[in-house]
Amino acid sequence: MATTRTAHTEWQGNLLEGKGEVTLDSSGLGTYQVSWPARSEEPNGKTSPEELIAAAHSACYSMALSHALAGAGNPPTALHTKADVTFQPGTGITGVHLTVVGEVPGLDEAGFVKLAEDAKANCPVSKALTGTTITLTASLG
């Protein structure tokens, strides 16, 4: 069964001097301030579309890799995943780099890296970001 998740943004003013608030409607987990300076310079307590994409990608990737590992007979004890989303003003999102360190009993490094690469290609957020270069560093911890 398909699911739909919803968030909304209330924005005031122009791009450079304006500000907004993003609300996570489906979960009700909160409202977060956004602004151009928080996106293109320092966050200063605000978020950005890129940080929200990084959160979504790291969570989705972790789920996809966990599923792939379990399907291969080596369920992970833990996965530590970080997503770095790079934004270049005037160009847009120029790349995503995933870094994952896994604790996977009974699996060697080569097997882990192979499954990690497959999860990168097949996680739904990776598929949604196909116009962006996605790189990966994977290792066992």
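For the structure given in this document, a descriptive report is provided here. Not measured: the values here are computed from a predicted model.

**Quick notes on the packing of helix 2 (residues 49-71) against helix 3 (residues 109-122)**
For step 1, the next point in the chain: Contact pair helix 2 / helix 3: the axes reach a minimum separation of 9 Å and the direction vectors enclose 130°. The angle between helix 2 and helix 3 falls in the class oblique. Handedness of the helix 2/helix 3 crossing: right-handed. Of the residues in helix 3, those in contact with Tyr61, Ala64, Leu65, Ala68 and Leu69 of helix 2 are Phe112, Leu115, Ala116, Ala119 and Lys120.

**Looking at the sheet that holds strand 1 (residues 7-12)**
For step 1, the next point in the chain: Read from one edge to the other, the open sheet built from 3 strands follows the order 1-2-3, with strand pairing classed as antiparallel. Either end of the sheet is taken by a strand with one partner, and the two such strands are strand 1 and strand 3 (30-34). Adjacent strand axes in the sheet meet at a mean angle of 20° when their direction is disregarded.
For step 2, the next point in the chain: Taken together, the 6 bridges between strand 1 and strand 2 (residues 19-24) define a ladder with antiparallel strand orientation. From the neighbouring strand, Ala7 faces strand 2, where its bridge partner is Leu24.

**Comments concerning the packing of aromatic side chains**
For step 1, the next point in the chain: Tallied over the full model, the rule gives 1 aromatic pair.
For step 2, the next point in the chain: Between the NZ or CZ atom of Arg39 and the centre of the ring of Phe87, over which it lies, the distance is 4.3 Å.

**Description of the layout of surface pockets**
For step 1, the next point in the chain: Approximately 220 Å³ is the volume found for the largest pocket.
For step 2, the next point in the chain: In terms of lining residues, the largest pocket is bounded by 14 residues, among which Ala38, Arg39, Ser48, Glu50 and Glu51 are the most central.
For step 3, the next point in the chain: Elements represented by at least two residues in the lining of the largest pocket include exactly helix 1 (36-40), helix 2 and strand 4 (78-88).
For step 4, the next point in the chain: When grouped by side-chain class, the residues that make up the lining of the largest pocket number 6 nonpolar, 2 polar and 6 charged.

**Observations concerning the pattern of salt bridges**
For step 1, the next point in the chain: According to the stated counting rule, one finds 3 salt bridges in the structure shown.
For step 2, the next point in the chain: With a shortest N-O distance of 2.7 Å, Arg39 and Glu50 are connected by a salt bridge. With Arg39 in helix 1 and Glu50 in helix 2, this pair connects stretches of sequence that are 11 residues apart.
For step 3, the next point in the chain: We classify Arg39 as partly exposed; its relative accessible area is 30%.
For step 4, the next point in the chain: Taking the shortest distance from any N to any O, the salt bridge between Glu117 and Lys120 comes out at 3.7 Å. Taken together, the positions of Glu117 and Lys120, both in helix 3 and 3 residues apart, correspond to about one turn of that helix.

**Topic: unusual backbone geometry**
For step 1, the next point in the chain: Positioned with a positive phi, Asn44 is a non-glycine residue whose angle comes to about 45°.
For step 2, the next point in the chain: Here Asn44 is to be found in the loop between helix 1 and helix 2.
For step 3, the next point in the chain: Exposure remark for Asn44: the relative accessible area of 67% places this residue in the exposed category.

Cut-offs applied
- Residues numbered from 1 in each chain as written.
- Predicted model: local features only at pLDDT ≥ 70, side-chain atom pairs only at ≥ 80, totals over all residues.
- Heavy atoms only, no water.
- Axes fitted to C-alpha atoms, helices over the stretch in contact; angles between N-to-C directions.
- Helix = DSSP H or I, 4+ residues; strand = E, 2+ residues; numbered from the N terminus.
- Parallel < 35°, antiparallel > 145°, perpendicular 65-115°, else oblique.
- Left-handed = near helix turned anticlockwise from the far one by under 90°.
- Contact = heavy atoms within 4.5 Å.
- Pairing = 2+ DSSP bridges.
- Phe/Tyr/Trp six-rings, centres within 6.5 Å; stacked < 30°, edge-to-face > 60°.
- Lys NZ or Arg CZ within 6 Å of the ring centre and 35° of its normal.
- 1 Å grid on protein atoms, 1.4 Å probe; cavity = no way out; pocket = protein on both sides within 12 Å on 5 of 7 lines; lining within 4 Å.
- Points joined across faces, edges and corners; volume = space filled by probe spheres on them.
- Nonpolar A, V, L, I, M, F, W, Y, C, P; charged D, E, K, R; others polar.
- Salt bridge = Lys/Arg side-chain N within 4 Å of Asp/Glu carboxyl O.
- Buried < 20%, exposed > 50% of the residue type's maximum accessible area, 1.4 Å probe, protein only.

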